[in-house]
Amino acid sequence: MASSLSMLHLMRRANALVTGTNPIASKVVYMWIAHDASPTRQKDCIHYCQKHTIPYEIAFSKADFRSIMQQQDVAVIRLINAHFLPLIYSNKEEQLDEK
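Student: If you had to explain the packing of aromatic side chains to someone new, which residues and values would you point to?
Tutor: One pass over the structure, following the stated rule, counts three aromatic pairs. Plain terms: the ring middles of Y30 and W32 are 4.8 Å apart, the flat faces sit at 55° to each other, and that makes the pair tilted. Taking 6.1 Å as the distance between ring centres and 55° as the angle between the ring planes, the aromatic pair formed by F60 and F65 counts as tilted. Each member of the pair, F60 as well as F65, carries the same accessibility label: buried. Aromatic rings pair up to connect Y30, W32 and Y89 into one cluster.

Student: Lay out the pairing of strand β4 (residues 76-79) in plain terms, naming residues and giving numbers.
Tutor: Moving residue by residue along a regular strand, the side chains alternate between the two faces of the sheet. Here β4 shows no split at all, with V76 and R78 on one side and I77 and L79 on the other all buried. In the sheet, strand β1 (residues 17-19) pairs with β4 via three bridges, with the strands oriented antiparallel. Directly across from L17, in β4, lies its bridge partner L79. Relative to β4, strand β2 (residues 30-33) is paired through four bridges, and the arrangement is antiparallel. Its bridge partner lying in β4, Y30 is registered against L79.

Student: Explain unusual backbone geometry to me, and be specific about the residues and the numbers.
Tutor: Positive phi values are uncommon outside glycine, yet T53 reaches one of about 45°. Mapped onto the elements of the fold, T53 is located in the loop between α2 (39-51) and β3 (56-58). Even without being a glycine, Q70 presents a positive backbone phi close to 55°. Among the secondary structure elements, Q70 is positioned in the loop between α3 (62-69) and β4.

Student: Lay out the side chain of S61 in plain terms, naming residues and giving numbers.
Tutor: Take S61: it is sitting in the loop between β3 and α3. Among all residues touching S61, those that are not within four sequence positions of it are A34, H35 and D36.

Student: Any chance you could break down α3 for me, citing the residues and the numbers?
Tutor: Considered for burial, the residues of α3 that qualify are F65, I68 and M69. Projected onto a plane normal to the axis of α3, the buried residues spread over an arc of 80° and lie on a single side. Within two residues after α3, Q70 carries a phi angle of roughly 55°, on the positive side.

Criteria and cut-off values
Residues numbered from 1 in each chain as written. Predicted model: local features only at pLDDT ≥ 70, side-chain atom pairs only at ≥ 80, totals over all residues. Heavy atoms only, no water. Phe/Tyr/Trp six-rings, centres within 6.5 Å; stacked < 30°, edge-to-face > 60°. Buried < 20%, exposed > 50% of the residue type's maximum accessible area, 1.4 Å probe, protein only. Helix = DSSP H or I, 4+ residues; strand = E, 2+ residues; numbered from the N terminus. Pairing = 2+ DSSP bridges. Contact = heavy atoms within 4.5 Å. Arc of directions from axis to C-beta.

These results come straight from atomic positions and should not be treated as a statement about function.
In structure tokens, the structure reads:
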């Protein structure tokens, strides 16, 4: 999990992450939804991701997101730079290999 948080910090420093669900001009290529987000927020985000074929995962907590993004009340983080997708998928494979 620590390496995943480090990965998100790297993405934030590269200005590749945005918070929330408000419309943006950039294409969203991946979404993280906090596991402690409200059930309604989770459901709405999952529906949005499925409708727009955006890969997503329910991971981390709102406190983790607050720390990474340095903002209050963050339940959703969206990746807007597709160059980071291989990093996400290789990190997931490493986590599976460790289990």
